[in-house]
Every structure is written in structure tokens, then in C-alpha cells.
Amino acid sequence: SVLVSPDGVYEYEAAHGTVQRHYYKYLKGESTSTNSVATLFAWTGAFRKRGEMDNLPELIHYADALEKATVRTIEEGVMTGDLALSSIENKKKVDTETFLKEIEKRLREEL
């Protein structure tokens, strides 16, 4: 979600009902498979806006690269449990940490 106040204040957020439950599982040392895409895109939206406001093209580029790396990871079939319900073939269901590491690999290539 992107919320904008009448005076131009921006807020980027990703609301997930399962995140709290997964966080408690994580605290117990259990593996989770939380879809972190909405959170990542909330951050990239905020990075991009900050980059525009402060004229920081490197930050805008980073936001774009992170989004591309995230989408590419999913398109290549690596995804968390909820995304594995998609129609993409040859899927590899992974836990949250592995998903983020896979995004990081592709992000390094984008940068």
C-alpha cells in the first residue's frame, strides 16, 4: 500500500496477516515460508520515492534492481509456500531465508 497525505507525506506498507504467526514460529526456531514480496516492494517504493525527492539516482536504481531480482526469482520457479500455489511450472518451494538469499543472488547480477 502507498498512502499519501494531503500535504504530500508518503507511507509505504505491506500488511500480512500471517507474518505475526510466522514470526512466533521463527522465535521457536521453526522454519517459515513467509512471502516477503509485499514487504520488499514496500521498501523499494519508499527507496524510489526518497531517491526522487533527494535526487539520488543510485537509490532509484537499487530499488529497480531489487524489484527485478525479486520478480526474476519467482519467474525462475523459486518461491515460498503461498506463491508455490501459482501456475508456474518447475517450482522449488523454499523457506523464507532461502527465498531472500535467492533474491540476493539475482540482485548482485542486476547491480
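Heads up: the structure comes first, above all this text.
Let us look at the structure shown here. Being a predicted model, the structure only gives us computed values, none of them experimental. (Residues numbered from 1 in each chain as written. Predicted model: local features only at pLDDT ≥ 70, side-chain atom pairs only at ≥ 80, totals over all residues. Heavy atoms only, no water.)

Moving on: the overall build of the protein chain. In terms of regular secondary structure, the protein chain is built from four helices and four strands. Element order for the protein chain, N to C, with α for helix and β for strand: β-β-α-α-α-β-β-α. Judged by the C-alpha coordinates and their principal axes, the protein chain covers about 40 × 30 × 25 Å. Residues classed as buried in the protein chain amount to 31% of the 111 residues present. Taking all contacts inside the protein chain whose residues are at least 6 apart in sequence as the whole, residues at least 24 apart take part in 50%. Taken as a whole, the protein chain presents about 7400 Å² of accessible surface, with 53% of it coming from carbon and sulfur. Side-chain charges in the protein chain split into 15 positive and 19 negative, and the spacing between the mean points of these groups amounts to 6 Å. (Helix = DSSP H or I, 4+ residues; strand = E, 2+ residues; numbered from the N terminus. Buried < 20%, exposed > 50% of the residue type's maximum accessible area, 1.4 Å probe, protein only. Contact = heavy atoms within 4.5 Å. Areas by Shrake-Rupley, 256 points an atom, 1.4 Å probe, with all protein chains shown as cover. Lys, Arg positive; Asp, Glu negative; His and termini not counted. Charge placed at Lys NZ, Arg CZ, Asp CG, Glu CD.)

A few words now on helix 2 (residues 37-53). Taking 1.5 Å per residue as the helical rise, helix 2 with its 17 residues ought to reach 24 Å, and the 24 Å between its terminal C-alpha atoms agrees with that figure. All of the buried residues along helix 2 are Val 37, Leu 40, Ala 42, Thr 44, Gly 45, Arg 48, Lys 49 and Gly 51. A positive phi of about 55 degrees marks Asn 55, the residue just after helix 2. (Expected span 1.5 Å × (residues − 1).)

This part takes up the packing of helix 2 against helix 3 (residues 57-75). Where helix 2 meets helix 3, the axes come as close as 7 Å, and the angle between the chain directions of the two elements is 160 degrees. By the angle class used here, helix 2 and helix 3 are roughly antiparallel. Here the hand of the crossing between helix 2 and helix 3 comes out left-handed. Judged by residue contacts, Val 37, Leu 40, Phe 41, Thr 44, Gly 45, Phe 47, Arg 48, Arg 50, Gly 51 and Glu 52 of helix 2 engage Leu 59, Ile 60, Tyr 62, Ala 63, Asp 64, Leu 66, Glu 67, Thr 70, Val 71 and Ile 74 from helix 3. Classifying every residue of the contact of helix 2 with helix 3 gives 11 nonpolar, four polar and five charged. (Axes fitted to C-alpha atoms, helices over the stretch in contact; angles between N-to-C directions. Parallel < 35°, antiparallel > 145°, perpendicular 65-115°, else oblique. Left-handed = near helix turned anticlockwise from the far one by under 90°. Nonpolar A, V, L, I, M, F, W, Y, C, P; charged D, E, K, R; others polar.)

Another point: the environment of Glu 67. Along the chain, the position of Glu 67 falls in helix 3. A relative accessible area of 19% places Glu 67 in the buried class. Distance in space between the C-alpha atoms of Glu 67 and Trp 43 is 9.9 Å, their sequence separation being 24 residues. Residues contacting Glu 67, with those up to four places away along its chain left out, are Phe 41, Thr 44, Gly 45 and Arg 48. A distance of 2.6 Å separates a polar atom in the side chain of Glu 67 from a polar atom in the side chain of Thr 44. (Polar contact = N/O pair within 3.5 Å; in protein donor to acceptor, adjacent residues only side chain to side chain.)

Over its 19 residues, helix 3 extends 27 Å from the first C-alpha to the last, a length consistent with the 27 Å expected when each residue adds 1.5 Å. Contacts from the buried residues of helix 3 go to helix 2, strand 3 (78-79) and helix 4 (96-110). Just downstream of helix 3, Gly 77 is the residue with a positive phi angle, here 95 degrees.

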